[in-house]
Amino acid sequence: MDVFKIKYIPDIFGSFLFEDDLVLLQEVTELPAKWESQATSQRFGITYDNVRSTRLIQSIKRRYYSVKVIMARNIDVQILSLAYTTITTTAGENFVARDISVSYEKIEGTLNVVYTIQFYRYDDTEIVNHLSSDNVLAYNTETSTEVNTLSFQVVNPAFAYSNVTTYDYNDSGTHWVAFKVALDGINANVAISDAFYVHTDNSTFDALYTHNYPNKLICYNKDSDYVYFYFDFDKSPPFIYTLNNVLIDFEPDWRGTRTGITDLTWTFNIYTFINPIISQQLTPVEGIQLEDGLVENQKINTKNKAYFKIWLTLSELWKIEFLQYAKANVVTFTLSDGTTVYTPMQMGGISSPVENTNLIDLYEFDINLMYSNKTVNVFR
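Computed from a predicted model, the values in this text were never measured in an experiment.

Conventions adopted
- Residues numbered from 1 in each chain as written.
- Predicted model: local features only at pLDDT ≥ 70, side-chain atom pairs only at ≥ 80, totals over all residues.
- Heavy atoms only, no water.
- Helix = DSSP H or I, 4+ residues; strand = E, 2+ residues; numbered from the N terminus.
- Buried < 20%, exposed > 50% of the residue type's maximum accessible area, 1.4 Å probe, protein only.
- Contact = heavy atoms within 4.5 Å.
- Areas by Shrake-Rupley, 256 points an atom, 1.4 Å probe, with all protein chains shown as cover.
- Salt bridge = Lys/Arg side-chain N within 4 Å of Asp/Glu carboxyl O.
- Pairing = 2+ DSSP bridges.
- Axes fitted to C-alpha atoms, helices over the stretch in contact; angles between N-to-C directions.
- Patch = residues over 30% accessible without salt bridge, like charges linked within 9 Å, V, L, I, M, F, W, Y side chains within 5 Å.
- Core = buried A, V, L, I, M, F, W, Y, C linked by side-chain atoms within 4.5 Å.
- 1 Å grid on protein atoms, 1.4 Å probe; cavity = no way out; pocket = protein on both sides within 12 Å on 5 of 7 lines; lining within 4 Å.
- Points joined across faces, edges and corners; volume = space filled by probe spheres on them.
- Nonpolar A, V, L, I, M, F, W, Y, C, P; charged D, E, K, R; others polar.

Attention now goes to the overall build of the chain. Within the chain one finds three helices and 27 strands. Taking all 380 residues of the chain together, the buried fraction comes to 41%. A separation threshold of at least 6 residues defines the contact pool for the chain, and within that pool the share at least 24 residues apart is 73%. Accessible area of the chain: about 20,600 Å², with a carbon and sulfur share of 49%.

Here you go:
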């Protein structure tokens, strides 16, 4: 068991150490950990347990510690609960003590006071996202158990970056203006030799190719960290420019027509344990009121809806944007049985964010997938 020492409390006690002759610090005892969890407010069935129940969304492990300090001098230890306090272990590990509480009792017949200091330790590495899409995929991969999959395709996706710095890409003596962007979820689909158009807000840079419009922005390399592009025109120095905003897409600007660019179709998946709740939405459609007071041509519109939820971490948050760009006929929601498939008949309103401020870097969305649309005359 590690022994912890409270080294200092910045801006309050300065460099005071809890290690002098007037302070006796006992061993820090690690108590049973506590979990703080957030659950759905609504009852759902899930792929491996279809009984309707509230489901855990996210849990944070809080490691719980307690230590007693005997002090023979007047120090306002209560201020610990207000301070940004760091703990250093005998093994040299450092972490922040959180949610500190301090209680005390005087030792009868002495001037000594026994303080009991209790605190928690928790950080991002101790967060469990039970229902996040990436966690559902990990479960599917590890267990070979089917899960519910929302799949969609996007043709010629556009993606944007900020604060890009160009450099000289020297390829066999030919110099190109190039730049790189961090590998993220969307550009992980880019392959070497894929060609795009690019639009920037740097007029100085744009002037470089006023008379030599770059037909292509070409991916020339890709590794585990970055995707590398160069502009399809060679030049002499300088090569370094700052591009505050960069849009990569499949549309040329006013200086040229689209040539040498191949359409790309990328498929994305979002995974969820949540089984859909099926409902029917009936909407009367008013008819025409005639002069004699009769109403004709009344209709009833019927829509069937599959309602479920998804949760995305920061690394997958971009997917909800690209879901809006998909056409309805290339979107499918396939249940874990592998045979039940829903295809939306419209994309408007298919997703809506849920404000859940108790979640940490996890984003919740309601999915309302309308998979039929029928209008019937009342008088027929």
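Moving on from the model shown.
Right, let's get into the pattern of salt bridges. As enumerated under the stated definition, the model contains eight salt bridges in all. Between Glu126 and Arg63 there is a salt bridge, and its shortest N-O distance comes to 3.9 Å. Taken together, the residues span a long stretch of sequence, with Glu126 in the loop between strand E9 (113–121) and strand E10 (127–129) and Arg63 in strand E6 (residues 56–71) at a distance of 63 residues. Since its relative accessible area comes to 14%, Glu126 is described here as buried. Here Lys309 and Asp366 are joined by a salt bridge, their closest N and O atoms 2.6 Å apart. Placement of the pair is Lys309 in strand E23 (residues 299–313) and Asp366 in strand E27 (residues 362–377), with a sequence separation of 57 residues. With a relative accessible area of 7%, Lys309 lands in the buried category. Among the charged side chains, a network of salt bridges with common partners joins Glu30, Arg63 and Glu126.

With that settled, consider unusual backbone geometry. Positive phi outside glycine occurs at Asp99, with the angle close to 55°. With respect to the secondary-structure elements, Asp99 resides in strand E8 (residues 94–106). Relative accessible area serves as the criterion here: at 42%, Asp99 is assigned to the partly exposed category. In the Ramachandran plot, Ser193 falls in the positive-phi region, its phi being about 85° despite a non-glycine side chain. If you trace the backbone, Ser193 turns up in the loop between strand E14 (174–182) and strand E15 (195–200).

Our focus in this paragraph is the pairing of strand E7 (residues 85–89). Counting buried positions over the five residues of E7 gives five, a clear majority of the element. With burial as the criterion, each face of E7 is covered, one bearing Thr85, Ile87 and Thr89 and the other bearing Thr86 and Thr88. Relative to E8, E7 runs antiparallel, the two being bridged by four bridges. Residue pairing in the sheet places Thr85 in a bridge with Ala97 of E8.

Strand pairing within a sheet occurs via backbone hydrogen bonds; the two strands may be parallel or antiparallel. Within the open sheet, the four strands sit side by side as E19-E11-E24-E25. Their pairing is antiparallel. Across the chains shown, the open sheet's two edge strands, defined by having one partner strand only, are strand E19 (265–272) and strand E25 (341–342). Bridge analysis of strand E11 (residues 148–155) against E19 gives eight bridges, and the strand direction is antiparallel. Bridge assignment links Val155 to a residue of E19, and that residue is Thr265.

Let us look at the sheet that holds strand E20 (residues 277–285). Taken together, the four strands give an open sheet; going across it, the order is E20-E23-E27-E26, and neighbouring strands pair in antiparallel fashion. Every other strand in the sheet has two partners, leaving E20 and strand E26 (351–354) as the edge strands with one partner each. Averaged over all pairs of adjacent strands, the angle between strand axes in this sheet comes to 30°, irrespective of strand direction. Helix H3 (residues 318–325) rests against E23, E26 and E27 of the sheet, and its axis sits at about 155° to E26.

With that settled, consider a nonpolar patch on the surface. Nonpolar side chains collect at one region of the surface, where Leu282, Ile300, Val378 and Phe379 lie side by side and expose about 390 Å² of accessible area between them. Mapped onto the secondary structure, Phe379 falls in the segment after E27.

With that settled, consider the side chain of Thr302. Among the structural elements, Thr302 can be located in strand E23. Those residues in contact with Thr302, other than ones at most four positions away along the chain, are Gln280, Gln281, Leu282, Ser372, Asn373 and Lys374.

Turning next to the nonpolar core. Counting 73 residues, the largest nonpolar core has Phe152, Phe179, Phe229 and Ile248 as its most contacted members. Non-local contacts of Phe179, meaning those with residues more than four positions away in its chain, are made with Val164, Thr165, Thr166, Tyr167, Leu217, Val227, Tyr228, Phe229, Phe231, Val246 and Ile248. Among the nonpolar cores identified, the runner-up in size contains 17 residues, and Val67, Val69, Val77 and Ile87 belong to it.

Attention shifts here to the layout of surface pockets. Each pocket or cavity is described by its volume, and for the largest pocket that value is around 190 Å³. Every residue lining the largest pocket is listed: Gln153, Val154, Val155, Asn156, Pro157, Ala158, Thr265, Glu321, Tyr325, Ala326, Lys327 and Val330. For the lining of the largest pocket, the secondary structure elements donating two or more residues are E11 and H3. The residue inventory of the lining of the largest pocket, partitioned by class, reads seven nonpolar, three polar and two charged.

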